[in-house]
Amino acid sequence: MITYSFLQHYWWFLVSLLGALLVFLMFVQGANSMLFSLGRTPEERRMLVNSTGRKWELTFTTLVTFGGAFFASFPLFYSTSFGGAYWLWMIILFSFVLQAVSYEFQNKLGNLLGPKTFQWFLIVNGILGPLLLGGAVATFFEGSNFVIEKASLTELGAPIISRWANASHGLDALLNPWVLVFGLAVFFLARILGILYIMNNVNDENIRSRGSVRLIGATVPFLILFLAFLIHTLVKDGFAWDPATGAIVMEPYKYLHNLLDMWYLTLILLVGVVLLLYAIIKTVVSKTYIRGIWPAGIGVVLVVLVLLLFAGWNHTAYYPSTADLQSSLTIANSCSSEFTLSTMAIVSLLIPFVLAYIAYCWYSLDKKKIDKDEIARGDVY
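Residues numbered from 1 in each chain as written. Predicted model: local features only at pLDDT ≥ 70, side-chain atom pairs only at ≥ 80, totals over all residues. Heavy atoms only, no water.

> Describe a nonpolar patch on the surface, with residues and values.
Taken together, the side chains of Leu223, Leu227, Ile231, Val235, Tyr253, Leu277, Ile281 and Val285 define a hydrophobic patch exposed on the protein surface, amounting to about 730 Å² of accessible area. Looking at the nonpolar patch, the elements that each hand over two or more residues are helix H10 (205-235) and helix H12 (263-285). (Patch = residues over 30% accessible without salt bridge, like charges linked within 9 Å, V, L, I, M, F, W, Y side chains within 5 Å. Areas by Shrake-Rupley, 256 points an atom, 1.4 Å probe, with all protein chains shown as cover. Salt bridge = Lys/Arg side-chain N within 4 Å of Asp/Glu carboxyl O. Helix = DSSP H or I, 4+ residues; strand = E, 2+ residues; numbered from the N terminus.)

As structure tokens, this is what we get:
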């Protein structure tokens, strides 16, 4: 029999999977952030833009779906984070709007600003998108400054269940150095994925040779930042909740306990790390290997999925409050009703078919690599 607890865990898994796919798809932002580094000439930059331009809708759609899934399954998180930390999310969404405008108008006739202006819009999104989204994920482990007051729902004048504890509305998270560390780690990870994607998708030896060099420059800071955040998280006190009482308590080495208790997830985490490192090392060592995006992509999805599961499973508060510990959100106190989760679980069975359709479209778009001939024909953004 499917229990309410199972549905809560199931939907946290789906939300985590969407988050993991979003991080992988940020190869678009990673490649765009290096537009002038990988592409030295206007022709090379147009090849890069044409490559990422075929995939940017997938990233944006996944971001919207990620938010929609949170709204449907864990509405209290949606109202607290998206409603309370709105300055952080508005900056993220604004950067994605700049991206969409850039792809649409940079090479249109009558563009008074010039292509370079719109290409800089892509770079802004390539930097801010991964950095701020990574910072938002880091708050799952570091906490955010909010208060939940369910009793306020009965107030006719201001029936607001959650509020931010200060006027920064999410920007205060960036004052936490560990939030910035993880945000920068995601930024460099997006660059790694972007380089691997471009090397696979763009048939140009100059771009591929530069990508191999830039790959090392992105990998070193990523490993340092990611390992620093991981070690910090494993040794610090974590936010646990008692399923009997619902009380939130600080537990020493909570995330290390999750690592040990859910050993099957730890194995998946290690497999993901190995796949990512394999893709990077083989791409750097071999001059002919250009398929690193696939093992790296699978590895990143596995690693991010496990990290998010560690944040919400095993009686862990996935959205801790630094202003009021008992306001912290768990998969039990922030989820939708059992009926809603059950109904949506039936609909979620269609997800494999949607993924299969996306894979088919991806294959159809990538059957021919992007090259200078395509640019000469004018089939470009």
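That was the structure; now back to the text.
> Run through unusual backbone geometry, naming residues and quoting values.
Negative phi characterises most residues that are not glycine, and trans characterises most peptide bonds. One non-glycine residue with positive phi stands out, namely Tyr253, at about 55°. Of note, Tyr253 is situated in the loop between strand S4 (248-251) and helix H11 (254-261). Positive phi values are uncommon outside glycine, yet Asn314 reaches one of about 60°. Along the chain, the position of Asn314 falls in the loop between helix H13 (293-312) and helix H14 (338-347).

> Account for the pairing of strand S3 (residues 238-241), with residues named and values stated.
Consecutive side chains of a regular strand alternate in pointing toward one face of the sheet and then the other. Along S3, one buried face is formed by Gly238 and Ala240 and the opposite face, lined by Phe239 and Trp241, is buried too. Between S3 and S4, which pair antiparallel one after the other, the connecting turn spans six residues, and Gly246 there sits at a positive phi close to 80°. (Buried < 20%, exposed > 50% of the residue type's maximum accessible area, 1.4 Å probe, protein only. Pairing = 2+ DSSP bridges.)

> Give a description of the pattern of salt bridges that names residues and reports values.
Tallied over the entire structure, the rule returns two salt bridges. Between Glu205 and Arg208 there is a salt bridge, and its shortest N-O distance comes to 3.9 Å. You can see Glu205 and its partner Arg208 sitting in helix H10, three residues apart, about one turn around the helix. The exposure class of Glu205 is exposed, given its relative accessible area of 56%. On the basis of relative accessibility, which here comes to 12%, the residue Arg208 falls in the buried class.

> Please give an account of the nonpolar core that cites residues and values.
Among the nonpolar cores identified, the biggest contains 107 residues, and Trp12, Phe70, Phe74, Phe140 and Tyr318 are the most heavily contacted of them. With 16 residues, helix H9 (residues 177-201) is the largest single contributor of residues to this core. The contact partners of Trp12, leaving out residues within four places of it in the chain, are Phe70, Phe74, Phe140, Leu308, Leu309, Gly312, Trp313, Tyr318 and Ile331. (Core = buried A, V, L, I, M, F, W, Y, C linked by side-chain atoms within 4.5 Å. Contact = heavy atoms within 4.5 Å.)

> Would you mind going over the side chain of Ser321 in detail, with residue names and values included?
By the secondary structure assignment, Ser321 is in the loop between H13 and H14. Note on Ser321: relative accessible area 2%, which makes it buried. At a separation of 2.5 Å, a polar atom in the side chain of Ser321 contacts the main-chain carbonyl oxygen of Phe146. Engagement of the side chain of Ser321 in a polar contact is seen with the backbone nitrogen of Ala323, the distance being 3.3 Å. Look past the residues within four positions of Ser321 in its chain and what remains in contact with it is Ser144, Phe146, Ser327 and Ser328. (Polar contact = N/O pair within 3.5 Å; in protein donor to acceptor, adjacent residues only side chain to side chain.)

> Break down helix H5 (residues 56-73) for me, with residues and values.
Here H5 spans 26 Å end to end across 18 residues, near enough to the 26 Å set by a 1.5 Å rise per residue. Within H5 the residues assigned to the buried category are Trp56, Thr59, Thr62, Leu63, Phe66, Gly67, Ala69, Phe70 and Ser73. In a view along the axis of H5, the buried residues occupy a sector of 160°, so they form one face of it. (Expected span 1.5 Å × (residues − 1). Arc of directions from axis to C-beta.)

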